[in-house]
Amino acid sequence: VQLQASGGGSVQAGGSLRLSCTASGRFFSGYGTGWFRQAPGEEREFVAALRHGRGDKYYADSVKGRFTISRDNTKNTVYLQMDSLKPEDTAVYYCAGKAGIITSSVFHAEYYDSWGQGTQVTVSS
């Protein structure tokens, strides 16, 4: 499955953006899709993930209550709705996928084997 991320842009603090991650094929039950971000000079960090079987969702503490991950199986797309954006959310955002991912692995970039290109999100104060 190849992934393509889109939807980044520039917003002011408090604004919203919605990122999309579209797959070349259908998501199947055991698939996991994650969003990660990387700011300049920083390590890539986990943001959110979704396991497509039961629809379990996972979030980094820094984005809980502000970001929402969701899916549209008819469009083979996973979304990341980002509300109440803060300047510290500024980063390049990547979507990633892995067939058969287990719960403990969804938080770690090294367990994903498909990556979309990054999309820049810039939040100004």
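Below you will find a few notes about this structure. (Residues numbered from 1 in each chain as written. Predicted model: local features only at pLDDT ≥ 70, side-chain atom pairs only at ≥ 80, totals over all residues. Heavy atoms only, no water.)

Here's the deal with the overall build of the chain
- A tally of regular secondary structure across the chain gives zero helices and eleven strands.
- Start at the N end of the chain and walk to the C end: the helices and strands fall as β-β-β-β-β-β-β-β-β-β-β.
- Relative to a compact globule of 125 residues, whose C-alpha radius of gyration would be 14 Å, the chain shows 13 Å and is just as compact.
- If one aligns the C-alpha atoms of the chain with their principal axes, the spans along those axes are about 40 × 30 × 25 Å. (Helix = DSSP H or I, 4+ residues; strand = E, 2+ residues; numbered from the N terminus. Rg over C-alpha atoms; globule rule 2.2 N^0.38 Å.)

Concerning the nonpolar core
- Within the largest apolar cluster, 34 residues are counted, with the highest numbers of intra-cluster contacts made by Trp 35, Val 47, Phe 67, Leu 80, Met 82 and Tyr 93.
- Counting residues per element, the ones that place at least two in this core are β1 (3–6), β3 (17–23), β4 (31–38), β5 (45–51), β7 (67–72), β8 (77–82), β9 (91–99) and β11 (119–124).
- A total of five residues in this core trace back to one element, the largest contributor, which is β5. (Core = buried A, V, L, I, M, F, W, Y, C linked by side-chain atoms within 4.5 Å. Buried < 20%, exposed > 50% of the residue type's maximum accessible area, 1.4 Å probe, protein only.)

Let's talk about the sheet that holds β7
- Spatially, the four strands line up as an open sheet ordered β1-β3-β8-β7, and their pairing is antiparallel. Both outer strands of the open sheet, β1 and β7, are each paired with one neighbouring strand and no more. Averaged over all pairs of adjacent strands, the angle between their axes in this sheet comes to 15 degrees, without regard to strand direction.
- Of the strand pairs in this sheet, β7 and β8 are connected by six bridges, and their pairing is antiparallel. For Arg 71, the partnering residue across the bridge sits in β8 and is Val 78. (Pairing = 2+ DSSP bridges. Axes fitted to C-alpha atoms, helices over the stretch in contact; angles between N-to-C directions.)

Without other data, these values stay purely geometric and don't point to any function.
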